[in-house]
Amino acid sequence: HSRSAEVENQDLNKAKSLLFDAEKSLIEINDKRYLSDVYTAISNVEVIQKNNLKGIYYLKKAIEIREEEGLKNSLLDSYFSISRIYYDINDFKSSHAFLSKYVLLKNELDEISKTEELARLQIQFNTKEQEKEIENLKKDKELNELTIAKKEREQIMAILGILLVVAVAIFIFIGYRNKVKLNS
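Thresholds, definitions, all that
Residues numbered from 1 in each chain as written. Predicted model: local features only at pLDDT ≥ 70, side-chain atom pairs only at ≥ 80, totals over all residues. Heavy atoms only, no water. Phe/Tyr/Trp six-rings, centres within 6.5 Å; stacked < 30°, edge-to-face > 60°. Buried < 20%, exposed > 50% of the residue type's maximum accessible area, 1.4 Å probe, protein only. Helix = DSSP H or I, 4+ residues; strand = E, 2+ residues; numbered from the N terminus. Lys NZ or Arg CZ within 6 Å of the ring centre and 35° of its normal. Salt bridge = Lys/Arg side-chain N within 4 Å of Asp/Glu carboxyl O. pLDDT = per-residue confidence, 0-100. Contact = heavy atoms within 4.5 Å. Patch = residues over 30% accessible without salt bridge, like charges linked within 9 Å, V, L, I, M, F, W, Y side chains within 5 Å. Areas by Shrake-Rupley, 256 points an atom, 1.4 Å probe, with all protein chains shown as cover. Core = buried A, V, L, I, M, F, W, Y, C linked by side-chain atoms within 4.5 Å. Expected span 1.5 Å × (residues − 1).

### Here's the deal with the packing of aromatic side chains
Enumeration over the complete set of coordinates arrives at 7 aromatic pairs. A ring pair is formed by Tyr57 and Tyr58, whose centres lie 4.9 Å apart and whose planes are at 80°; its orientation type is edge-to-face. By relative accessible area, which is 13% here, Tyr58 ends up buried. Plain terms: the ring middles of Tyr86 and Phe98 are 5.9 Å apart, the flat faces sit at 15° to each other, and that makes the pair stacked. Here Phe98 lies in helix H5 (residues 92-183) and Tyr86 lies in helix H4 (residues 72-88), a separation of 12 residues in the sequence. In this structure, Tyr86 and Phe98 share a single accessibility class: buried. Ring pairs connect the aromatic residues Phe20, Tyr39, Tyr57 and Tyr58, which therefore count as one cluster. Here Arg33 stacks its cationic end above the ring of Tyr34, 5.7 Å away from the centre of that ring.

Given below as structure tokens:
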């Protein structure tokens, strides 16, 4: 059993060594986002190795970066993790302080999420309303086109009716003139 614990500890030390190498590289290229992730990973290894104070130290470094950079979702996890570590070492005041930060940030993110969801629903509603309006405009256009076609047919029929009346009148007039010529 002691042998497997020794192997596990060697693996954890190797992981820490790789994480410290990553830390150096990220500091050189000034990539704070991933640097905060590396500090969180180092903290996790330290806590596994029962080095809670070192775990807190690295997690605080991650929190500092995440607060500066506004990485709120990552910050939420960090607040919860550090609260748990403080709780495990019986520092309930610090645990409560970070748990309070966690709750406040969680509520803020939930509100943002609700606002985004409302905005999404409003956009969806507006889109459906616009689609209905477009559909109504298409129907109105079709109705107008049918009305115009009907009026054109009525005009053609009226013109044909007038031409028929004129033709009959001419036919009657010619017939009447012929009858007057025959009688004279």
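### Side note on the pattern of salt bridges
Working definition: two side chains of opposite charge can pair if their charged atoms are close together. Evaluation of the coordinates by the stated rule reveals 10 salt bridges. Between Arg66 and Asp37 there is a salt bridge whose closest N-O contact spans 2.7 Å. Of the two residues, Arg66 sits in helix H3 (residues 52-69) while Asp37 sits in helix H2 (residues 32-48), which places them 29 residues apart along the sequence. Residues Glu129 and Lys132 are paired through a salt bridge, measuring 3.9 Å at the closest nitrogen-oxygen approach. Taken as a pair, Glu129 and Lys132 lie in helix H5 at a separation of 3 residues, close to a single helical turn. For Glu129, a relative accessible area of 34% corresponds to the partly exposed category. On the basis of relative accessible area, Lys132 is assigned to the exposed category, the value being 51%. Residues participating in the shared-partner salt-bridge network are Arg33, Asp37 and Arg66.

### Thoughts on the confidence of the model for the protein
Averaged over the protein, the pLDDT score is 92; the fraction of residues at 70 or greater is 99%. Within the protein, no element has a lower average pLDDT than helix H1 (residues 2-29), which sits at 88, and none a higher one than H3, at 96.

### Points about the side chain of Ser43
With respect to the secondary-structure elements, Ser43 resides in helix H2. Relative accessible area serves as the criterion here: at 1%, Ser43 is assigned to the buried category. Sequence-distant contacts of Ser43, that is, excluding residues within four places in its chain, are made with Gly55, Tyr58, Leu59 and Ile85.

### Remarks on a nonpolar patch on the surface
A cluster of nonpolar side chains, namely Ile156, Met157, Ile159, Leu160 and Leu163, defines an oily patch on the protein surface of about 520 Å² accessible area. Topologically, Leu163 is positioned in helix H5.

### What about the nonpolar core?
Membership of the largest hydrophobic core comes to 23 residues, with the highest contact counts inside it found for Tyr39, Ile42, Ile63, Tyr79, Ile82, Phe98 and Leu105. The contact partners of Ile42, leaving out residues within four places of it in the chain, are Leu19, Phe20 and Tyr58.

### Side note on H4
The terminal C-alpha atoms of H4, which comprises 17 residues, lie 24 Å apart, in line with the 24 Å expected from a rise of 1.5 Å per residue. Three or more residues of H4 are buried, namely Ser74, Leu75, Leu76, Ser78, Tyr79, Ser81, Ile82, Ser83, Ile85 and Tyr86. On its buried side, H4 packs onto H2, H3 and H5. Trailing H4 by a residue or two, Asn90 shows a phi angle of about 65°, which is positive.

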